[in-house]
Amino acid sequence: GEVKCINELGELARMLGDLDGARDHYQDAMERMDRLGAPDLHIVRLNLALVLLLQRRSREARPLLERSLRAFIESEHRALVGCSHVLLLPCCAAIGDWAGWDRHLVAAQAELHTSGFVDVDIAEAAQSGAREAETAGQISRARQAWRLAAAQWARLERGDDAEACLEHLQALDVLDD
C-alpha cells in the first residue's frame, strides 16, 4: 500500500508540473518495489521514464523503457507494449537511431491498433518524437508520428489537439512543395 501511495504522489506531482518531485517519487517507489519484487514495478519504471522524457533526458529514459517493454511483451500486456514503443520514439530520434525508430513505430501502430489503447502520454510522446524527427530533418518519420499523435488526440476526444497536429502536418506538406 505504501509504495502505491508513493507512486500516486509521483502521478500527482507530474500532473501539477513538478517533474523533479515526480521523478523523486517514482524513483523511490521503483526502488522499494524492486526490493519487494512487486509485479507493478514496470509500470512505475514507465512512469519514471515518462518524466525523464518530459525533462528531455531521453538517454536516461531509454534503458528504463527497454526493460519495461521486455516485461510487457513477456506478460502480453499489449496496451503497454504499444505505449512503450511510442515512448521509445523520442529516445531513438535523440540519438539518430532511425532503424530503431522504424521498428518501434511499426510495432507501436500494430499494438495500439490491436489493443485499442489511447492515452494522453502516448499522444504527447508521439508529438515529442515528431518534433525530434523534424529537427533532425526526418520529415517522413515526423509525419508518421504527427499522424499517430493526431489519431490519439482524436480518440481521446481532444479535437483541438488533434487539429493542431493535422495543421502541423499541412505545414510540413507546404515546406515540401
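Use the structure listed above.
1. Description of the overall build of the chain
- On a plain count of helices and strands, the chain comes out with nine helices and zero strands.
- Taken from N to C terminus, the helices and strands of the chain fall in the order α-α-α-α-α-α-α-α-α.
- The C-alpha radius of gyration of the chain comes to 16 Å, within 12% of the 16 Å expected for a compact globule of 177 residues.
- Here the C-alpha coordinates of the chain stretch approximately 55 × 30 × 30 Å along the principal axes.
- Residues counted as buried form 46% of the 177 residues belonging to the chain.

2. Digging into the state of the cysteines
- Under the criterion given, the structure shown has zero disulfides.
- Between Cys91, a free cysteine, and Cys92, which holds the nearest cysteine sulfur, the sulfur-to-sulfur gap is 6.8 Å.
- We classify Cys91 as buried; its relative accessible area is 1%.

3. Here we look at helix H3 (residues 41-54)
- Relative to the 20 Å expected for 14 residues at 1.5 Å per residue, H3 spans 20 Å between its end C-alpha atoms, a close match to the ideal helical length.
- Burial analysis of H3 places 11 of its 14 residues in the buried class, the great majority of the element.
- Within H3, burial applies to Leu41, Val44, Arg45, Leu46, Asn47, Leu48, Ala49, Leu50, Val51, Leu52 and Leu53.
- Where H3 is buried, its residues touch helix H1 (2-15), helix H2 (19-36), helix H4 (58-74), helix H5 (78-95) and helix H7 (120-135).
- Immediately downstream of H3, the backbone of Arg56 shows phi near 60°, a positive value.

4. Some thoughts on the environment of Arg57
- Mapped onto the elements of the fold, Arg57 is located in the loop between H3 and H4.
- You can call Arg57 partly exposed: its relative accessible area is 26%.
- Remark: the alpha-carbon pair of Arg57 and Cys91, spanning 34 residues in sequence, is separated by 8.6 Å.
- Discounting chain neighbours no more than four positions away, the residues touching Arg57 are Arg23 and Leu52.

5. Notes on the environment of Leu65
- Tracing the backbone through its elements, the reader meets Leu65 in helix H4.
- If sequence neighbours within four positions are ignored, Leu65 has contacts with Leu46, Ala49, Leu53, Leu87, Leu88 and Cys91.

Here is what the cut-offs are and how they apply
Residues numbered from 1 in each chain as written. Predicted model: local features only at pLDDT ≥ 70, side-chain atom pairs only at ≥ 80, totals over all residues. Heavy atoms only, no water. Helix = DSSP H or I, 4+ residues; strand = E, 2+ residues; numbered from the N terminus. Rg over C-alpha atoms; globule rule 2.2 N^0.38 Å. Buried < 20%, exposed > 50% of the residue type's maximum accessible area, 1.4 Å probe, protein only. Disulfide = S-S within 2.5 Å. Expected span 1.5 Å × (residues − 1). Contact = heavy atoms within 4.5 Å.

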